[in-house]
2 protein chains.
Amino acid sequence: MAAAEAGGDDARCVRLSAERAQALLADVDTLLFDCDGVLWRGETAVPGAPEALKALRARGKRLGFITNNSSKTRQAYAEKLRRLGFGGPAGSGAGLEVFGTAYCTALYLRQRLAGAPAPKAYVLGGEALKAELEAVGVACVGVGPEPLQGEGPRAWLDAPLEPDVRAVVVGFDPHFSYMKLTKAVRYLQQPGCLLVGTNMDNRLPLENGRFIAGTGCLVRAVEMASQRQADIIGKPSRFIFDCVSQEYGINPERTVMVGDRLDTDILLGVTCGLKTILTLTGVSTLGDVKSNQESDCMSKKTVVPDFYVDSIADFLPALQG
Amino acid sequence: MAAAEAGGDDARCVRLSAERAQALLADVDTLLFDCDGVLWRGETAVPGAPEALKALRARGKRLGFITNNSSKTRQAYAEKLRRLGFGGPAGSGAGLEVFGTAYCTALYLRQRLAGAPAPKAYVLGGEALKAELEAVGVACVGVGPEPLQGEGPRAWLDAPLEPDVRAVVVGFDPHFSYMKLTKAVRYLQQPGCLLVGTNMDNRLPLENGRFIAGTGCLVRAVEMASQRQADIIGKPSRFIFDCVSQEYGINPERTVMVGDRLDTDILLGVTCGLKTILTLTGVSTLGDVKSNQESDCMSKKTVVPDFYVDSIADFLPALQG
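As recorded in an unreviewed UniProt entry, chain A goes by the name Glycerol-3-phosphate phosphatase, listed as coming from Equus asinus. Looking at chain A in UniProt, the text filed under Sequence similarities (unreviewed entry) is "Belongs to the HAD-like hydrolase superfamily. CbbY/CbbZ/Gph/YieH family." We quote the UniProt Subunit (unreviewed entry) comment for chain A here in full: "Homodimer."

With that settled, the discussion passes to the interface of chain B and chain A. Contact with chain B, which involves 35 residues of that partner, is made by 35 residues of chain A. Of the roughly 3200 Å² buried at the junction of chain B and chain A (both faces included), carbon and sulfur atoms supply 67%. In this assembly, chain B and chain A are joined by 4 salt bridges. When the shortest N-O distance is used, the salt bridge between A:Arg154 and B:Glu207 registers 3.1 Å. Inspection of the chain B/chain A interface yields 13 residue pairs in polar contact (both at pLDDT 80 or more). Elements with a minimum of two residues in the side of chain B that touches chain A: helix 7 (152-158), helix 8 (178-188), strand 12 (211-213) and helix 9 (215-226) of chain B. Grouping the constituent residues of the side of chain B that touches chain A by class yields 20 nonpolar, 8 polar and 7 charged.

Here we come to the sheet that holds strand 7 (residues 120-124) of chain A. Working definition: the strands of a sheet are paired by backbone hydrogen bonds and lie parallel or antiparallel to each other. Residues and elements named next belong to chain A. An order of 8-7-9-10-13 is seen for the 5 strands of this open sheet, with the pairing classed as parallel. Taken across any chain shown, the strands that pair with only one partner, and hence form the sheet edges, are strand 8 (139-141) and strand 13 (231-232). Here strand 9 (residues 167-170) runs beside strand 10 (residues 194-197); their pairing, made up of 4 bridges, is parallel. Each residue of the ladder has a partner; that of Ala167, found in strand 10, is Leu194. Packing of helix 5 (residues 101-112) onto the sheet brings it into contact with strand 7, strand 9, strand 10 and strand 13, and relative to strand 10 it is tilted by some 160°. The strands touched by helix 8 (residues 178-188) are strand 7, strand 9 and strand 10; relative to strand 7, the strand with the most contacts, the crossing angle is about 150°.

Residues and elements named next belong to chain A. On the UniProt side, "active site" (unreviewed entry) is annotated at positions that read Asp34 and Asp36 here. Lining of the largest pocket among the annotated residues: Asp34 and Asp36. Following the sequence through the fold, Asp34 ends up in the loop between strand 2 (30-33) and strand 3 (40-41). Sequence-distant contacts of Asp34, defined by excluding residues within four places in its chain, comprise Leu39, Ile66, Thr67, Lys235, Met257, Val258, Gly259, Asp260 and Asp265. At a separation of 2.8 Å, a polar atom in the side chain of Asp34 contacts the side chain of Lys235. Mapped onto the secondary structure, Asp36 falls in the loop between strand 2 and strand 3.

Here the focus is helix 8 of chain B. Each full turn of the α-helix corresponds to 3.6 residues, which orients residues three or four apart in the same direction. Of all 11 residues in helix 8 of chain B, 11 are buried, a share of seventy percent or more. Of the positions making up helix 8 of chain B, those classed as buried are B:Tyr178, B:Met179, B:Lys180, B:Leu181, B:Thr182, B:Lys183, B:Ala184, B:Val185, B:Arg186, B:Tyr187 and B:Leu188.

All right, on to the sheet that holds strand 6 (residues 98-100) of chain B then. All names here are of chain B. Spatial ordering of the open sheet is given by 1-16-15-14-2-5-6, a layout of 7 strands whose pairing is parallel. Of all strands in the sheet, those with a lone pairing partner are strand 1 (14-15) and strand 6, marking the two edges. As judged from the 3 bridges shared by strand 15 (residues 275-279) and strand 16 (residues 307-309), these two strands associate in the parallel manner. Among the inter-strand pairings, Leu278 is bridged to a residue of strand 16, identified as Tyr308. Its contacts with the sheet put helix 5 (residues 101-112) on strand 5 (62-67) and strand 6, and the angle it makes with strand 6 is roughly 75°.

Moving on to the layout of surface pockets. Any space left empty among the atoms is revealed by the rolling of a water-sized probe across them. The space that makes up the largest pocket amounts to roughly 960 Å³. If you trace the largest pocket, you find 46 residues lining it, with A:Asn69, A:Ser71, A:Lys72, A:Leu204 and B:Pro153 closest to the centre. Of all the secondary-structure elements, those providing two or more residues to the lining of the largest pocket are strand 3, helix 4 (74-83), strand 11 (203-205) and helix 11 (262-271) of chain A together with helix 7 of chain B. Per-element accounting of the lining of the largest pocket gives the leading share, 4 residues, to helix 7 of chain B. Partitioned by chemical class, the residues of the lining of the largest pocket number 14 nonpolar, 16 polar and 16 charged. Considered as a void within the structure, the second largest pocket measures approximately 830 Å³ in volume. Around the second largest pocket sit 41 residues that line it, and B:Asn69, B:Ser71, B:Lys72, B:Leu204 and B:Leu206 are the ones nearest its centre. Those elements that place two or more of their residues in the lining of the second largest pocket are helix 7 (152-158) of chain A together with strand 3 (40-41), helix 4 (74-83), strand 11 (203-205) and helix 11 (262-271) of chain B. Counting residues per element, the lining of the second largest pocket draws most heavily on helix 7 of chain A, which supplies 4 residues. For the lining of the second largest pocket, the residue count by class is 14 nonpolar, 13 polar and 14 charged.

Residue A:Pro236 is reached from A:Lys235 by a cis peptide bond, and omega for that bond is 0°. With respect to the helices and strands, A:Pro236 occurs in the loop between strand 13 and helix 10 (238-248). Despite not being glycine, A:Asp164 shows a phi value in the positive range, around 60°. Of note, A:Asp164 is situated in the loop between helix 7 and strand 9. One non-glycine residue, B:Gln227, adopts positive backbone phi at about 55°. Here B:Gln227 shows up in the loop between helix 9 and strand 13 (231-232). Overall, B:Gln227 belongs to the exposed group, its relative accessible area being 51%.

Let's shift gears to helix 3 (residues 49-58) of chain A. Those residues of helix 3 of chain A that sit buried are A:Ala49, A:Pro50, A:Ala52, A:Leu53, A:Ala55 and A:Leu56. The elements touched by buried residues of helix 3 of chain A are helix 2 (18-26), strand 2, strand 4 (44-45), strand 5 (62-67) and helix 14 (316-320) of chain A.

Scoring rules and cut-offs
Residues numbered from 1 in each chain as written. Chains lettered and ligands numbered in written order. Predicted model: local features only at pLDDT ≥ 70, side-chain atom pairs only at ≥ 80, totals over all residues. Heavy atoms only, no water. UniProt positions renumbered as here; feature names shortened; annotations may be inferred. Contact = heavy atoms within 4.5 Å. Buried area = accessible area lost by both parts, 1.4 Å probe. Salt bridge = Lys/Arg side-chain N within 4 Å of Asp/Glu carboxyl O. Polar contact = N/O pair within 3.5 Å; in protein donor to acceptor, adjacent residues only side chain to side chain. Helix = DSSP H or I, 4+ residues; strand = E, 2+ residues; numbered from the N terminus. Nonpolar A, V, L, I, M, F, W, Y, C, P; charged D, E, K, R; others polar. Pairing = 2+ DSSP bridges. Axes fitted to C-alpha atoms, helices over the stretch in contact; angles between N-to-C directions. 1 Å grid on protein atoms, 1.4 Å probe; cavity = no way out; pocket = protein on both sides within 12 Å on 5 of 7 lines; lining within 4 Å. Buried < 20%, exposed > 50% of the residue type's maximum accessible area, 1.4 Å probe, protein only. Points joined across faces, edges and corners; volume = space filled by probe spheres on them.

Below is the structure:
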């Protein structure tokens, strides 16, 4: 990192010193944060992170939270932010800072199914995804367990389908089953049926290095069986940023994306022309950055953050100065 | 196809006329057949196919049946072959002509787990796969339904695992579930645990253009969540041919692979140096062949059969002559 530390026009991934943070913040109106691995791990806030966010709010910065997790509504995220001390609006404004894939998938479907008399989706996902879709008028079928019905392939293919399903939505679904995969593929054979994936994360990290299989595994299974490519809502797809941009009226040059993953958060920031900060409290390491910098593959070489911090608590000295 | 029809050293994918079939059969000892789409569709034999196979047997040709389907034992395939009129050994020799992925996966595990005191596998698959594994001494756990247990990710990760599981085997599993995916990934985090997929077919075709999701969709989900690459047993992996070769003592130059899919059957034949015949009663078309021939990608350009037939009944005139 020595060359990068020295600065210069091509400097990338420099440590965000208090001085650099002050200069950066002077040029910035909006900070967008990934949540897990950046603000918290499971139910534990990253030390100093709540104070950093409160100080940013006190400076008049606008905050947004961009998460690929489709298993919580905007409201549920807003409650968690307040519960762990990150503040944010309560009451009728609760959740307006949160751009999760459940909510953004609902915006996408509202847009793509506009004009459909009674939009309906087959949803591989949980109650939160269903709630966000229904809030924009998309009826949901399929949520919950769906074990194998009938004996053998012909019986599986003869199981009744709901009429007028216009989209298959694949989110995080702990009730994912072969029967659901079979139904999803049958809906997707109907003309005009959309395939939408909330995100392509391969894993959902928990505390202590533990993880469970991510939504991407389920999307890939549906894609492979249906021979279709899903429209992906979450990072690094720019659709999720377009949602923020539309509601916030964002100027990308005066916006920072803060995240712990190069392949989602930082890639999104680079794609959308934002300033980018990698925080080392989550998935990606400086070794991963170096590997991207040294890659001979342009699609990797460009995925390098402008700055890095050990933790977003590193903002504090600049804000207290 | 005009140029190819004209023959010559570089001729590929020429129609197998009776004359060419006679010349070919004179140079061949063994014919290997894919089953579905070649010999039959579902429970219906391809017209003339049983007679063609009987005539080949009468000429003293050795026959072998190579199928990626992991949901039947060798014995079950042998019964189906006889039921639909294809003949073949009964009694103690039944199934010896059949190389299905359930059986070949068992051979692979026997080889890879040799020396393990009590080899055990976590099996995403059905009773046939379990029967073939147990026949070579590999104990199987996990076969059958496995719905979600407990509330939330921590509970799912705390569900008990069987001790001493040395391999995760992914075959065709209509009881595939998120809970099984979670367990598979946990076993795969244990040092030395193998990941084996019976095959990578994206779809399992039924009659009338209907299909269900294939084993490949399930293997991909496990690969993506575990960030591992599975050892694949079925076509086009050459392991399945090695099984045949070992039991039959095959001379590749005097062996023909007959199949309906370029990406599995013909690719296997090309990879293993066999003569290849595409039959048009199944998945791939002459248009697919042309597209491969005209591809600028070498890995496609070489996947072209030596000959094609409308149906394997086209062997009959050469055999009756």
